Amino acid sequence: MRKRWIAAIGALLLAAAGCADPQTETAAGQVAKSGDASVVAFDTSADQQHVTSAKVDSIAAELPAAVRESGKLVIGNGSAGGGLPPLGFTADDNKTPIGVEIDVAYLVASVLGLRAEIETTSWENLFLGLDSGKYQVGISNIGVSELRKEKYDFATYRLGLHAFEARTGSGLKITGPADSSGKNVAVGSGTLQEAILLDWNKQNVAAGRKPANLKYYQQAADTYLALQSGRIDLYLGPNPNASYHVATQHKTEIVGTVSSSYPVQGLVGITTKKDNGLVKPLADALNAAIADGSYAKVLAKWGLQAEAVPKSLINPPGLPKK
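Residues numbered from 1 in each chain as written. Predicted model: local features only at pLDDT ≥ 70, side-chain atom pairs only at ≥ 80, totals over all residues. Heavy atoms only, no water.

Peer 1: An account of the overall build of the protein is requested, with residue identities and associated values reported.
Peer 2: The number of helices and strands found in the protein is 10 helices and 14 strands. The buried share of the protein, reckoned over its 322 residues, is 51%. A separation threshold of at least 6 residues defines the contact pool for the protein, and within that pool the share at least 24 residues apart is 78%. Taken as a whole, the protein presents about 13,900 Å² of accessible surface, with 53% of it coming from carbon and sulfur. (Helix = DSSP H or I, 4+ residues; strand = E, 2+ residues; numbered from the N terminus. Buried < 20%, exposed > 50% of the residue type's maximum accessible area, 1.4 Å probe, protein only. Contact = heavy atoms within 4.5 Å. Areas by Shrake-Rupley, 256 points an atom, 1.4 Å probe, with all protein chains shown as cover.)

If you want it as structure tokens, here you go:
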């Protein structure tokens, strides 16, 4: 069995609400304190072992009869075209889907006593597939929002975090709007990250501080080149991608995080068509995996301990409507 192991040194996995030490509890929308650096190894082989758990008969009995009798759980994942590590991406064989979202799918299916049948698609087709019933659930870094809750049910399994990346040894710490004042910060246009920084700029100006200077780049390579050359101080992007980049490239560090649904706590959820009877067994399966430790193993496998949740919630408050 061929495996490509990538040593991950110096990734700063930051605090998350309700997580165990060395992480620190934070309120929604606040930036977390740094944990100790750790070493993570990423297995990108196609034949890697997925973390599973024992079937829980009482939870499996909660499934709709048709799903239980089919013996499978059809899962849509929006990683077509290669995906983004460590969420959902293509293994070394250039065809097998792997990543934290894929492992969550196998884990939940095992608790329910079902065979995970994973289909990769584009982001927009993922929701079309949920609407049509092609996919029973979507597991693809889907954030809970009030708008999405009108059509879908959510069983949460990760915190939604954005991360500030800086050059290693920068000495920067981002704990709120004041720390971004006057800094050159790269961000994607039209993203939730940009909306957060624009809100922070308003707060800075109202407090008599300089706003951050927002910079926009078309390619990630250009962003990181600007970061290394000192043309920008920070880059704000999704925490999973930032954690993977820090771990594999060894040139940057995470110096702060902020909720993806700022000012409320962002949450990522397994997504299913509203009122189809799946959300409760999904949440119960996640909570069983949290209790037996298998859930923690999945996040640790991909260096995402900072996004751990203490409990799966059904349809909690999400990103507010504009």
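Peer 1: Just give me the short version of the pairing of strand β9 (residues 152-167), but keep the residues and values in it.
Peer 2: Counting buried residues along β9, 15 of its 16 residues qualify, which places the element largely inside the surrounding structure. Note: β9 against strand β14 (residues 266-273), 8 bridges, orientation antiparallel. By the bridge assignment for β14, Phe 154 is matched with Thr 271. Summarising the sheet, β9 and strand β12 (residues 234-238) pair through 4 bridges and their orientation is antiparallel. Across the sheet, residue His 162 finds its bridge partner in β12, namely Pro 238. (Pairing = 2+ DSSP bridges.)

Peer 1: Which residues make up the side chain of Glu 194, and what values do they have?
Peer 2: Structurally, the position occupied by Glu 194 is in helix α6 (residues 192-206). A polar contact of 2.6 Å, which involves the side chain of Glu 194, links it to the side chain of Tyr 216. Dropping the residues within four chain positions of it, Glu 194 is found in contact with Val 187, Gly 188, Ser 189, Leu 214 and Tyr 216. (Polar contact = N/O pair within 3.5 Å; in protein donor to acceptor, adjacent residues only side chain to side chain.)

Peer 1: How would you sum up the pattern of salt bridges? Please name residues and give values.
Peer 2: Across all of its chains, the model carries 12 salt bridges by this definition. Notably, a salt bridge pairs Lys 149 with Glu 146, separated by 3.1 Å at the nearest N-O pair. Look at the salt bridges and you will find they share partners, linking Glu 62, Lys 280 and Asp 284 into a network. (Salt bridge = Lys/Arg side-chain N within 4 Å of Asp/Glu carboxyl O.)

Peer 1: Describe the nonpolar core, naming the residues involved and giving the relevant values.
Peer 2: Ranked by internal contacts, the top residues of the largest apolar core, which has 58 residues, are Val 104, Ile 270 and Leu 282. Counting residues per element, this core draws most heavily on helix α3 (residues 100-112), which supplies 9 residues. In this structure Ile 270 touches Val 104, Val 108, Val 137, Gly 138, Ile 139, Asp 153, Phe 154, Ala 155, Tyr 157, Leu 282 and Leu 286, once residues within four positions along its chain are discounted. By size, the runner-up hydrophobic cluster in this structure holds 15 residues, among which are Val 185, Leu 214, Val 255 and Val 258. (Core = buried A, V, L, I, M, F, W, Y, C linked by side-chain atoms within 4.5 Å.)

Peer 1: Please set out unusual backbone geometry residue by residue, giving values where relevant.
Peer 2: Generally, phi is negative for residues other than glycine and the peptide bonds are trans, each holding for most cases. Pro 85 connects to Pro 86 through a cis peptide bond whose omega is 5 degrees. In this structure, the amide linkage connecting Tyr 262 to the following residue, Pro 263, adopts the cis form with an omega of 15 degrees. Relative to the assigned elements, Pro 263 resides in the loop between β13 (252-259) and β14. A positive phi is found at His 250, a non-glycine position, where the angle reads about 60 degrees. Mapping His 250 onto the fold places it in the loop between α8 (239-249) and β13.

Peer 1: Residues and numbers for the side chain of Ser 259, please.
Peer 2: For Ser 259, the position within the fold is in strand β13. Take Ser 259: its relative accessible area is 1%, and that puts it in the buried class. A polar side-chain atom of Ser 259 sits 2.6 Å from the main-chain carbonyl oxygen of Val 264.

Peer 1: Before we move on, could you go through the sheet that holds strand β6 (residues 97-98) and cite the residues and values that matter?
Peer 2: With antiparallel pairing, 3 strands are arranged side by side in an open sheet as β4-β5-β6. The outermost strands of the open sheet, each flanked by one partner alone, are β4 (83-84) and β6. As judged from the 2 bridges shared by β4 and strand β5 (residues 88-90), these two strands associate in the antiparallel manner. Within β5, the residue paired with Leu 84 across the bridge is Gly 88.

No statement about biological role is implied by the geometric values presented.
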